[in-house]
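Structural overview
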Amino acid sequence: MSDTIRLVVDGEEVEVPTGSTLLAATARAGADVPTLCHDPRLDPMGSCRMCLVEVEGQRRLQPACAYPAMEGQVVHTSTDRVERHRQVLLSMYCADHTLDADGLPAERALGNQLRAHVEAFGTGPTLPPIGTPRAGREDPNPYIHFDPDSCIACARCVRYCDEVEAVSAITLAMRGSSTTIATADQVGLLDSSCELCGGCIDTCPTGAMSEKRALGLLGADEETVRSTCNFCGVGCQLDLHVRDGEVVRVSSPPPGTTVNDGNLCVKGRFATEFINHPDRLTVPLIRGDDGELHEATWDEAIRVTAAGLMGVKERYGADALGFVSSSRCTGEENYLVQKLSRAAFGTNNCHQCAAT
Amino acid sequence: MERKGARRFQVLDLLQEEGGAAAGTAARVGAQTGVPDADVYGVSTFYSLLRKPGRRTRVCQGLTCKLAGSDARVAALRATGEEVEEVSCLGQCDRAPVGLDADHEALLWGEPGSISPADTDLPMNLAGDDDFSFSALARARELGPNAVIAELKAGGLQGRGGAGFPAHFKWNAVRTQPPGDSYVVVNADEGEPGTFKDREVMLRRPGLMLEGAAIAAYVAGAAVLFIYVRGEFKDCIRSLEGAITAAADHLDWLDIRIVEGHGAYICGEETALLEAIEGRRGMPRLKPPYPTESGLWGKSTLMNNVETLACVPSIVTRGGDWFAAQGKTEPGSKLYCVSGHVGRPGVYELPLGVTLDELVEAAGGYVGTPQAFSPGGASSGFLPMSFRDTPLDFGGLVKAGSMFGSSGLVVLNDTIDMAMAARHGLVFFEDESCGQCTPCRVGCVVQRQSLDRYLETGDASHLEHAEDVAWEMDEGSICGLGMVASWPLTTAMKHFPAAFEDRTIDE
Ligand SMILES: Cc1cc2nc3c(=O)[nH]c(=O)nc-3n(C[C@H](O)[C@H](O)[C@H](O)COP(=O)(O)O)c2cc1C
Ligand code: SF4
Ligand code: SF4
Ligand code: SF4
Ligand code: FES
């Protein structure tokens, strides 16, 4: 079997690796094929039907996200049939989604792909809202909010929780128009196996799964600062969303762009309250002869610490000292700690608290 | 993620033993099987016989049962303080009205249905006796797999489950798969409103079906045979178990497993059925790959309908040419189910391609003045009586803008409001949509609500988008359910426009 296949997308010949989906091929051709249930980290589900395209020789429209690209295929991404399909489909989505005053799918902090598609492709007939009641749950967990009325049942959250987190705390539940996202017996996330990684929020295309503290906040008035998470040494990239000088929430850069591939853990995504906390230490403190802590400069603090450690070494020998570095340290920082331990103080008593 | 070695396939049976989706059930079944609790919960809430714990009587809300007075049954039961749930078609339309007791045993309140008189020249001959000598299986072994497939081809056997796909193609596709485990699955989930032929085969000729399935397993080189029977057909399951025992001497090489359904019409769709056997929510898979390539647990799988397999023994013993000659416009004989406004509802084995008039003549004539008929269950929508001379076969009905489907014919006389008849079809698909894809999940509700608004107000403008929505359901849905779910409405609007004009509503 050859490594690549060639096919024609909207009249343009493209070459993609064998085993690619049509979505890869249409992207190669620069065609704008809208998706909702697709996430490159997950196995294709092909259920949102947003990405349907025409494949010559196939009677039915086919989902680009799941359909295999094949040698010699001829694919069309914007025929009248495809355009009509998108518009009537989007009409149906709008009949089952929280809309704003302009009749558009509501804007959300992390964006709403449904809204973007309506803006880009338009809708067909205006259909009355179906108003299907869906099972909801009381969920006192501090971070994650689920809004059944904005959920399009694409199951990205469920598949993420299963395929990426390997946790499976949530599931598609019920069937037909009542289909929704649930935990076992509809317990709160804290009572489930959920690890509060927040990946379900990140993958949700509509904002139905969202961050509690950012509810109602829209992305527009925020500044985004790319940073590195300092909770551990992995080096996950994160985007800090800053409003009036304060971090209001954290999101992960898109999958495929950074080392963490769109993933974060509970600490990186949610544990930001310390940044502006009044108890946070922002300068070194030295305990004086009066028994109280006094503000000091780093030079003073380092000098006092060094003197204390050297004093122990002189009195009891170097092996009376031990150096334990924090699991928040990076590999480079750990290297420096062992250097300090061995070269500056002469002991092999050094350890990293995340080492087992 | 399920644990390595998880016993997912046990999930549904254990949920049934537990009595459905009560609090704590998911955790217990999860612990026993290694499947995550949430996942188990998701499965339990999918199936109508599991999603609501507790015991109650179920009454069929299908069109034929409504016509036969099921509302009065519901009222009478409720008056005694009994909890009653109205459910989708129970596959007993010839005996309407019907229900299901708390143990899921059928409650048959109507007259028993009829069948064709015994005739040994009928390939299936429902009124005949089962023969457990399994001589057709022996003959198949003499012929060898390729010759059996050649006979199927000569017999022109088209799948009787609804799609009419030539059986020999699928059998051959499984034959040509690389060697390895393969499975044969009997689709006995019969759930299409108006359809009850597989039920009669399983009750009257379980041995015939079993022999056909055994021949399929022999040809496919399968060591395991699954029979997926809808959970509302407890008597069929007992009948099959009896036949398996009676035929045990001939089937020691085959591991036969009966899998019970748990209340979901969509599990009749072949890939949803595979999901159900595996212990998941019955949501159809994307095709490709087709089950013959990658089916049950990813293995090559041959699935056929009960009636398809019941045709096989006579094809093997009397030859494909003989079988083909039993048809009129297309090959073979066919089990036609007929119910509604006819004298003797039931299952009639007739040459494939008879007309409605010929069929109804066998079934005791029309009751009242016929107005419309569904040729192949709710999925086929409605045709007016001007099609009474159209051959009832796979090709002819497609040309008529309908389909033969599972050959569940429902005849309606002129006492019926076609808008109300359409509503029954829409409600059925809305209740039975798996909810996976948006055109079907949302479209079914949009259509039913539009029709309701029309029926409430008499204002026909509520139906102005019905065609657009139906078009998208057909184009965009994943499976056949969503593709046809609007047909009851759109075909009725097309053929009976007067029933959908502005009307005055009596207060
Ligand atoms: C919504 C839906 C429901 C179906 N229900 C049944 C059913 O109850 N029984 C059946 O045999 N086939 C049913 N089918 C058809 C099956 O998918 C499949 O085509 C059939 O079992 C193949 O067997 P055959 O080739 O012998 O007909 C259904 C299909 C769809 C789309
Ligand atoms: S936060 Fe993470 S573990 Fe919890 S439900 Fe969402 S994806 Fe699953
Ligand atoms: S919560 Fe979001 S990701 Fe999950 S199914 Fe709903 S729309 Fe999809
Ligand atoms: S068409 Fe309907 S039943 Fe079929 S997969 Fe889609 S939602 Fe499910
Ligand atoms: S993105 Fe392809 S079907 Fe959803």
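Residues numbered from 1 in each chain as written. Chains lettered and ligands numbered in written order. Predicted model: local features only at pLDDT ≥ 70, side-chain atom pairs only at ≥ 80, totals over all residues. Heavy atoms only, no water.

**Digging into the sheet that holds strand β2 (residues 12-17) of chain A**
All names here are of chain A. Heads up, the condition is: A pair of strands counts as paired when DSSP detects no fewer than two bridges linking them. What counts as a helix is a DSSP run of H or I of at least four residues, what counts as a strand is a run of E of at least two, and both are numbered from the N terminus. Residue contacts are defined here by distance: any two heavy atoms, one from each residue, within 4.5 Å place the two residues in contact. For helices, the axis comes from a line fit to the C-alpha atoms of the stretch in contact; other axes are also lines fit to C-alpha atoms, and the angle between any two N-to-C directions lies between 0 and 180 degrees.
Read across the open sheet, the 5 strands follow the order β2-β1-β5-β3-β4; overall the sheet is mixed. The two strands at the open ends of the sheet, each matched to only one other strand, are β2 and β4 (62-63). Here 2 bridges tie strand β3 (residues 52-55) to strand β5 (residues 74-76), and the two strands are oriented antiparallel to one another. By the bridge assignment, Val55 is partnered in β5 with Val75. Seen against the sheet, helix α2 (residues 80-94) touches β3 and β5 and runs at an angle of roughly 160° to β3.

**Quick notes on the pattern of salt bridges**
Worth spelling out the cut-off: Whenever Lys or Arg places a side-chain nitrogen within 4 Å of a carboxyl oxygen from Asp or Glu, that contact is recorded as a salt bridge. Exposure categories follow from relative accessible area, calculated using a 1.4 Å probe and restricted to protein chains: below 20% of the type maximum is buried, above 50% is exposed, and the middle band is partly exposed.
Throughout the structure, instances matching the rule amount to 53 salt bridges over all chains. Where Asp39 of chain A meets Arg156 of chain A, a salt bridge forms, and the shortest distance between an N and an O atom there is 4.0 Å. Taken as a pair, Asp39 of chain A in the loop between α1 (22-28) and β3 and Arg156 of chain A in helix α4 (residues 156-163) lie far apart in primary sequence, 117 residues in all. Asp39 of chain A sits in the buried class, given a relative accessible area of 2%. Looking at Arg156 of chain A, the relative accessible area reads 7%, which means it is buried. When the shortest N-O distance is used, the salt bridge between Arg175 of chain A and Glu432 of chain B registers 3.1 Å. Taken as a pair, Arg175 of chain A in the loop between β7 (171-173) and β8 (180-182) and Glu432 of chain B in helix α17 (residues 418-432) lie in two separate chains rather than in one. The exposure class of Arg175 of chain A is buried, given its relative accessible area of 5%.

**Looking at the site of ligand 1**
Residues and elements named next belong to chain B. Threshold: Proximity is defined per residue: any heavy atom of the residue falling within 4 Å of a molecule or strand makes that residue near it. Whenever two N or O atoms come within 3.5 Å, that pair is a polar contact, provided that in protein one can donate a hydrogen and the other can accept it, and provided that, for residues adjacent in sequence, both atoms are side-chain atoms. In these tables, accessible area is a Shrake-Rupley quantity obtained with a 1.4 Å probe, and a residue counts as shielded only by the protein chains included in the view. Classification convention: Asp, Glu, Lys, Arg as charged; Ala, Val, Leu, Ile, Met, Phe, Trp, Tyr, Cys, Pro as nonpolar; all other residues, Gly among them, as polar.
As a matter of local geometry, ligand 1 sits amid 19 residues, with Gly161, Asn187, Asn304, Asn305 and Thr308 nearest to it. A distance of 3.4 Å is found between an oxygen atom of ligand 1 and a backbone nitrogen or oxygen belonging to Glu190. Within the side chain of Asn304, an N or O atom sits 2.8 Å from an oxygen atom of ligand 1. Protein burial of ligand 1: of its 610 Å² of free accessible surface, 88% is covered by the chains. Of all the secondary structure elements, the ones that give two or more residues to the shell around ligand 1 are β9 (300-305) and α20 (480-484). When residues of the shell around ligand 1 are assigned to their parent elements, the largest contribution, 3 residues, is made by β9. The residue makeup of the shell around ligand 1, split by class, is 4 nonpolar, 9 polar and 6 charged.

**Observations concerning the sheet that holds strand β13 (residues 383-384) of chain B**
Residue and element names in this part refer to chain B. A sheet is described by the order of its strands in space; here 6 strands give the open sequence β5-β11-β10-β14-β12-β13, paired in mixed fashion. Both edges of this open sheet fall to β5 (114-115) and β13, since each of them pairs with a single strand only. Sheet analysis places strand β12 (residues 370-374) next to strand β14 (residues 408-413), joined by 4 bridges and oriented antiparallel. Each residue of the ladder has a partner; that of Pro370, found in β14, is Asn413. Relative to strand β10 (residues 333-340), helix α9 (residues 197-204) is tilted by about 115°, and along the sheet it contacts β5, β10 and β11 (346-351).

**Quick notes on the site of ligand 3**
Inspection of the region around ligand 3 gives 14 residues, with Cys151, Cys154, Ala155, Cys157 and Cys204 of chain A positioned closest. The residue inventory of the shell around ligand 3, partitioned by class, reads 12 nonpolar, 1 polar and 1 charged.

**A look at the pairing of β9 of chain B**
Residue and element names in this part refer to chain B. In terms of residue burial, β9 counts as a mostly covered element, since 6 of its 6 residues are buried. Residues Ser300, Leu302 and Asn304 line one face of β9 and the alternating positions Thr301, Met303 and Asn305 line the opposite face, and both faces are buried. For strand β6 (residues 182-188) and β9, the ladder comprises 6 bridges, and the chain directions are parallel. Each residue of the ladder has a partner; that of Ser182, found in β9, is Ser300.

**Looking at unusual backbone geometry**
Cis geometry marks the peptide bond from Lys287 of chain B to Pro288 of chain B; its omega dihedral reads 0°. Relative to the assigned elements, Pro288 of chain B resides in the loop between α12 (270-278) and β9. At the junction of Pro288 of chain B and Pro289 of chain B, the peptide bond is cis and its omega measures out at 0° in the coordinates. With respect to the helices and strands, the residue Pro289 of chain B is situated in the loop between α12 and β9. For Asp10 of chain A, which is not glycine, the phi torsion reads 50° and is therefore positive.

**Some words on the confidence of the model for chain B**
Selection criterion: By definition, pLDDT measures how confident the predictor is in each residue, and it falls between 0 and 100.
Put simply, chain B has an average pLDDT of 96, and 100% of its residues get 70 or more. In the predicted complex, the global pTM is 0.95; the interface-specific ipTM is 0.96.

**Things to note about the interface of chain A and chain B**
Rules: A 1.4 Å probe defines the accessible area here, and the buried area is the portion of it lost by two parts on being joined, summed over both.
Listed as interface residues are 49 residues of chain A and, on the opposing side, 51 residues of chain B. Around 3900 Å² of area is buried between chain A and chain B when both sides are counted, 58% of it from carbon and sulfur atoms. Sorting the residues of chain A by area buried against chain B places Arg60, Met92 and Arg175 of chain A first, and these three jointly supply 20% of that buried surface. Seen at the junction of chain A and chain B, the total is 3 salt bridges. Among the ionic pairs, Asp468 of chain B bridges to Arg84 of chain A, the shortest N-O distance being 2.7 Å. Connecting chain A to chain B are 23 residue pairs in polar contact (both at pLDDT 80 or more). A total of 7 residues in the side of chain A that touches chain B trace back to one element, the largest contributor, which is α2 of chain A.

**Some remarks on the environment of Arg108 of chain A**
Position of Arg108 of chain A relative to the elements: it lies in the loop between α2 and α3 (113-121). There is a polar contact of 2.7 Å between the side chain of Arg108 of chain A and the backbone oxygen of Thr206 of chain A.

**Describing the side chain of Arg134 of chain A**
Residue and element names in this part refer to chain A. Position of Arg134 among the secondary structure elements: in the loop between α3 and β6 (144-146). Here Arg134 falls in the buried class, since its relative accessible area comes to 14%. In terms of polar contacts, Arg134 uses its side chain to reach the side chain of Asp96, at 2.8 Å. Setting aside anything within four residues of it in sequence, one finds Arg134 in contact with Asp96, Pro148, Asp149, Ser177, Ser178, Thr179 and Thr180.

**What to know about the side chain of Arg58 of chain B**
You can see Arg58 of chain B is positioned in strand β1 (residues 57-60). Setting aside its immediate chain neighbours within four residues, Arg58 of chain B contacts Ser48, Leu49, Glu85, Val87, Gly99, Leu100 and His104 of chain B.

**Description of the environment of His97 of chain A**
Residue and element names in this part refer to chain A. By secondary structure assignment, the location of His97 is in the loop between α2 and α3. For His97 and Arg249, which are 152 residues apart along the polypeptide, the C-alpha to C-alpha distance reads 25 Å. Aside from chain neighbours lying at most four places away, what touches His97 is Pro105, Ala106, Arg108, Asn112, Leu114, Asp149, Ser150, Ile152 and Thr206.

**Focus on the domain arrangement of chain B**
It is common to report an interface's size as the accessible area lost on association of the parts. Short version of the rule: An automatic or database domain assignment supplies the start and end points of every domain.
Along its sequence, chain B is carved into domain 1 (8-44), domain 2 (57-108), domain 3 (135-324), domain 4 (333-413) and domain 5 (418-500). Between the C-alpha centres of domain 1 of chain B and domain 4 of chain B there is a distance of 42 Å.

**So, the packing of aromatic side chains**
Two descriptors summarise a pair of aromatic rings, namely the distance from one centre to the other and the angle between the planes of the rings. The following threshold applies: Put simply, two rings from Phe, Tyr or Trp (the six-membered ring, in Trp's case) pair if the centres are within 6.5 Å, and we call them stacked under 30 degrees between planes, edge-to-face over 60, tilted for the rest. As a reminder, the over-ring test applies to NZ of lysine and CZ of arginine, requiring each to be within 6 Å of the ring centre and within 35 degrees of the ring normal.
All told, the structure shown has 15 aromatic pairs over all chains when counted by the stated rule. Plain terms: the ring middles of Phe323 of chain A and Phe345 of chain A are 5.3 Å apart, the flat faces sit at 35° to each other, and that makes the pair tilted. Of the two residues, Phe323 of chain A is situated in strand β15 (residues 323-325) and Phe345 of chain A in the loop between α8 (331-344) and β16 (350-352); the sequence distance between them amounts to 22 residues. Residue classification places Phe345 of chain A among the buried positions, given a relative accessible area of 6%. Between Tyr183 of chain B and Phe226 of chain B, the ring centres sit 5.8 Å apart and the planes meet at 65°, which makes this aromatic pair edge-to-face. In this pair, Tyr183 of chain B sits in strand β6 while Phe226 of chain B sits in strand β7 (residues 224-229), placing the two residues 43 residues apart along the sequence. The buried category is assigned to Tyr183 of chain B, whose relative accessible area is 13%. A residue is classified by how much of its surface remains accessible, and Phe226 of chain B, at 3% relative accessible area, is buried. Between Arg175 of chain A and the ring centre of Phe46 of chain B, over which it is positioned, the NZ or CZ distance is 5.8 Å. Positioned above the aromatic ring of Trp253 of chain B, the side-chain terminus of Arg141 of chain B is 4.8 Å from the ring centre.

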